Amino acid sequence: MAALASARSAELASTRHRLPARLRLLIAARAVNQLGAFSLAFLTVLLNRDLGASLPAAGAISGLFGLATIPSRLLGGRLTDRWGRRRTIVVGLAGCALAQLGIAAAPDLAVAAVCCVLLGLAFELYEPPSQAMIADGVAPADRASAYALLTTALAVGNMGAGLVADLVGRSSLRWLFVVDAASCLACALIVRLALPEDRTRPQPPSEQPQPQSAPVHSPWRDRSLLTMTAAGTVFALVSMLMLVALPLSLAADGLDPATAGLLMTASTVTLLLARPALRLRRLADLTPGAAFAAGYLLMAAGLAGYALAHTLPALLGPTALYALGNLLLMGRSFAVVSDLAPPGTSARYLAVYGLSWGFATVLAPPLSTALLDAFSPAALWSAMAAICLAMAVTQPRLLRRLAAS
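Just so we're clear, the structure is a prediction, and the values are computed from it rather than from any experiment.

About the cut-offs
Residues numbered from 1 in each chain as written. Predicted model: local features only at pLDDT ≥ 70, side-chain atom pairs only at ≥ 80, totals over all residues. Heavy atoms only, no water. Core = buried A, V, L, I, M, F, W, Y, C linked by side-chain atoms within 4.5 Å. Buried < 20%, exposed > 50% of the residue type's maximum accessible area, 1.4 Å probe, protein only. Helix = DSSP H or I, 4+ residues; strand = E, 2+ residues; numbered from the N terminus. Contact = heavy atoms within 4.5 Å. pLDDT = per-residue confidence, 0-100. Phe/Tyr/Trp six-rings, centres within 6.5 Å; stacked < 30°, edge-to-face > 60°.

Colleague: I'd like a rundown of the nonpolar core, residues and numbers included.
Modeller: A general trend in soluble globular proteins is that nonpolar side chains are found buried together. Tyr-296, Leu-303 and Trp-381 are the most contacted members of the largest nonpolar core, which has 99 residues in total. Element by element, the count of residues in this core is highest for helix H10 (residues 223-252), at 14 residues. With residues up to four places along the chain from it excluded, the contact list for Trp-381 reads Met-242, Ala-245, Leu-246, Ser-249, Leu-303, Tyr-306 and Ala-307.

Colleague: I'd love a proper account of the confidence of the model for the protein, names of residues and values included.
Modeller: Predicted confidence across the protein gives a mean pLDDT of 81, with 86% of residues reaching 70 or more. Across residues 201-216, where pLDDT falls below 50, the model places nine contacts with residues more than four positions away in sequence or in other chains.

Colleague: Explain the packing of aromatic side chains residue by residue, including any values.
Modeller: Scanning the model with the defined rule gives four aromatic pairs in all. Ring centres of Phe-235 and Tyr-296 lie 6.3 Å apart, and the angle between their planes is 80°; this geometry places the pair in the edge-to-face category. Here Phe-235 is found in helix H10, whereas its partner Tyr-296 is found in helix H13 (residues 288-308), with 61 residues between them in sequence. Residues Phe-235 and Tyr-296 agree in their burial class; the two are buried.

Colleague: Could you give me a rundown of the side chain of Glu-124, with the residues and numbers involved?
Modeller: With respect to the helices, strands and loops of the structure, Glu-124 is situated in the loop between helix H6 (109-123) and helix H7 (127-137). Once you skip the residues sitting within four places of it in the chain, Glu-124 turns out to touch Thr-69, Ser-72 and Arg-73.

Colleague: I'd like to hear about the environment of Asn-158, residue by residue, with values.
Modeller: Relative to the assigned elements, Asn-158 resides in helix H8 (residues 143-169). As for Asn-158 and Thr-268, which are separated by 110 residues in sequence, their C-alpha atoms are 6.9 Å apart. Not counting residues within four places of it along the chain, the set of residues in contact with Asn-158 comprises Gln-34, Phe-38 and Thr-268.

Right under this line is the structure:
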């Protein structure tokens, strides 16, 4: 077992050297983009405080953004086939930047609502081509490590994003969207200059790839994938509720909403400091079911701590527990989904699984604002902790059922 753990550690450490240069550049560009990706956590607060929307109305508008991300991901897959990967990534990032600048400059709620929908329509365009590049650019045995490297890069970017949110958000929440737009344009520029030009050419009908129409390869007909997507939606919903509710909860406790940036930075620091522990034999040899159970239990403990804490120092402990739970869960679902995918269909399987975040983005804003409007922040955190406890029990059973099918 020690040899196995050592091999896994060596695989993770050497992933950077095995990745093609274009994938390393893509991951670096996504990290740059993540530096400004904190504005969405403050979208509901901006609509409520700066533009006069009630909490339910602000949550509904944020929900429209989430609703628009669902067709955005599907459109991203179609445009990738027609335009190529680099062009689709650049168009998606540029569209995000324009919509975010519109939100920052919106004179009233109606304009902001339109820009929120436009942002949602552009928001997921670059995910399918990015995922396809990673899925197709490395050997199947290296995909988990490649996605782990992407997660680590995004975590580093997210740490900087938390600091940016805390510094910029204290001046004006609108400036957060300007910074996010700038990061999108910087990422688009890196992709445009660094990635190879798309090579697309019309193909005769006889040469068109056909496996997408084959029922056995259709992700929509795979019950195991759809079950995993449903479970992933629960995880994504908890994550999005955390993102949306934290600034609102801090404001209800008399703290500056921008303090959420500091807490998210603390969460990312915890992830980075604790990540080497995953190489320990006891953690490296955890079965997926055990890892899911432990991860959800830690998240539940952190969320329960949020229900009890009302000052910044007291919130740091629950933040660390929640982050440790995330550390055990991150990437494992993608590995399970990749194993479910028949050869040559991992990108489509991961794209369908990724819709779970679109569903969660639709549900989280109206759900969090409705609960906060009707109850206390402690009630919301307690409900989220209960959901995580339920997942700690059901997710391992789900994985055993999938393994037996």
